[in-house]
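# Survey of secondary and tertiary structure
One-letter residues, chain by chain:
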Amino acid sequence: MSTTVAFLGLGHMGGPMAANLVSGGYAVTGFDLAAPALEQARRDGVAVADTAVDAVASADVVVTMLPSGAHVLGLYDEILPAARPGTLFVDCSTIDVADARAAHDKAVAAGHRNVDAPVSGGVVGATAGTLAFMVGGSDEDFAAVSPLLDVMGRKVVHCGGPGVGQAAKICNNMILGVSMIAVSEAFVLGEKLGLSNQALFDVASNASGQCWALTTNCPVPGPVPTSPANNDYQPGFAVALMDKDLGLAANALESHGVAAELGRRAADIYRRLHSDGAGGQDFSAVVNAIRSHSTTDKDVK
Ligand code: NAD
């Protein structure tokens, strides 16, 4: 295989993704600001560069997996001039749609190609090579990047032009955030009404309340033994990440004037949960906040 990949950002997600590319036969040169990430990458067979600029110099494809849009745009300013003309830049970070489009424009202005390809599936999916990729970019660039994404994921969807992969990511996670709150509110109401969690699950999972938040990531312990609720709400998908993604959704709702009351409210609820110290818990822990903020029956007139 002749494609050479530079992988920048070897954290919780990027580390295992780069390792899977190595296993898939790609020559991968990596860089991260954190020494432990570099050491793990070296153990996984990644050639570690001294700087991001060094990593991209001889790459055909540059993958970034960074915390935010500011990180991506800042790093692009550094590395775009150092890459060979026509290099394909693939940003897998979750970032603002506007930042993704700005990153695309920077890459193209510097004589390169770019797609946004955010993921879902978390660290488990990154490690197992079963991520879902949502890709924004031209047909030609999508065709070029697909074989690489197939090595790291199970499902690769071409969502549209530049930035539209990020749009799919934040729309999906807005559904997820809102539906987890709705499911959690229903469990707490059921408890107040004398309905057992198991009975509500048995009904709703076979009725019109059925959704992923209920049947896979059930927020109460018991009905779905593999859900994080059975493991003291260890993620899973952390509250801090849901807060970030709903913040991106709320920005997009605001800038496009969408009358989405529940999306905005879900962003507020997860921001508060994060600032109350639950950032490291699975996002289904919202059920505990709903329960603890509820009045006791004797307070209700
Ligand atoms: P992380 O913090 O573990 O990793 C980010 C890495 O980027 C860190 O190791 C950091 O040192 C490195 N970095 C920052 N600036 C850099 C620079 N200039 N050059 C090189 N490296 C740099 O975060 P993560 O959990 O791996 O998430 C990465 C992205 O994936 C985020 O955008 C996140 O929203 C998204 N995401 C995460 C998950 C998840 O479950 N963790 C799921 C889906 C999407």
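Please read these numbers as outputs of a predicted model, since none were measured by experiment. (Residues numbered from 1 in each chain as written. Predicted model: local features only at pLDDT ≥ 70, side-chain atom pairs only at ≥ 80, totals over all residues. Heavy atoms only, no water.)

This next bit is on the packing of aromatic side chains. Enumeration according to the criterion identifies three aromatic pairs in this entry. Ring geometry for Phe 237 versus Phe 283: centroids 5.8 Å apart, planes at 80°, classification edge-to-face. Taken together, the residues Phe 237 in the loop between α10 (212–215) and α11 (239–255) and Phe 283 in the loop between α12 (261–278) and α13 (286–293) connect sequence positions 46 residues apart. Here Phe 283 falls in the buried class, since its relative accessible area comes to 0%. Ring geometry for Tyr 270 against Phe 283: centres 6.3 Å apart, planes inclined by 40°, an arrangement best described as tilted. Note that Tyr 270 is positioned in helix α12 and Phe 283 in the loop between α12 and α13, a separation of 13 residues in sequence. Among the aromatic residues, those joined into a cluster by ring pairs are Phe 237, Tyr 270 and Phe 283. (Phe/Tyr/Trp six-rings, centres within 6.5 Å; stacked < 30°, edge-to-face > 60°. Helix = DSSP H or I, 4+ residues; strand = E, 2+ residues; numbered from the N terminus. Buried < 20%, exposed > 50% of the residue type's maximum accessible area, 1.4 Å probe, protein only.)

We now examine the domain arrangement of the protein chain. With domains assigned, the protein chain is organised as domain 1 (4–160) and domain 2 (167–299). Taken together, the contact between domain 1 and domain 2 spans eleven residues of the former and eight residues of the latter. Contact between domain 1 and domain 2 buries roughly 740 Å² in total, counting both sides, with carbon and sulfur atoms accounting for 64%. Of all residues in domain 1, the largest losses of buried area upon contact with domain 2 belong to Thr 94, Asp 96 and Val 97, amounting jointly to 52% of the total for that side. For the pair domain 1 and domain 2, the number of links is zero salt bridges. Summed over the shared surface of domain 1 and domain 2, the result is four residue pairs in polar contact (both at pLDDT 80 or more). (Domains from an automatic or database assignment. Contact = heavy atoms within 4.5 Å. Buried area = accessible area lost by both parts, 1.4 Å probe. Salt bridge = Lys/Arg side-chain N within 4 Å of Asp/Glu carboxyl O. Polar contact = N/O pair within 3.5 Å; in protein donor to acceptor, adjacent residues only side chain to side chain.)

Where strand β5 (residues 88–91) and strand β6 (residues 113–116) come together, four bridges link them in parallel fashion. When the bridges of β6 are listed, Asp 91 appears paired with Asp 116. With respect to chirality, the unit in which β5 leads through helix α5 (residues 97–109) into the neighbouring parallel β6 is right-handed. (Pairing = 2+ DSSP bridges. Right-handed = clockwise from strand over helix to strand, strands pointing away.)

The next point concerns helix α1 (residues 14–23). Taking burial as the measure, the ten residues of α1 include eight buried ones, the bulk of the element. In this structure, the buried side of α1 is in contact with β1 (4–8), β2 (27–31), β7 (119–120), α6 (122–128), β8 (131–136) and α7 (139–152). Just beyond α1, the residue with positive phi is Gly 25, at close to 100°.

Our focus in this paragraph is helix α8 (residues 164–192). Its 29 residues give α8 an end-to-end C-alpha distance of 42 Å, which sits within 8% of 42 Å, the value for a rise of 1.5 Å per residue. Looking one or two residues past α8, Gly 194 carries a phi angle of roughly 85°, positive in sign. (Expected span 1.5 Å × (residues − 1).)

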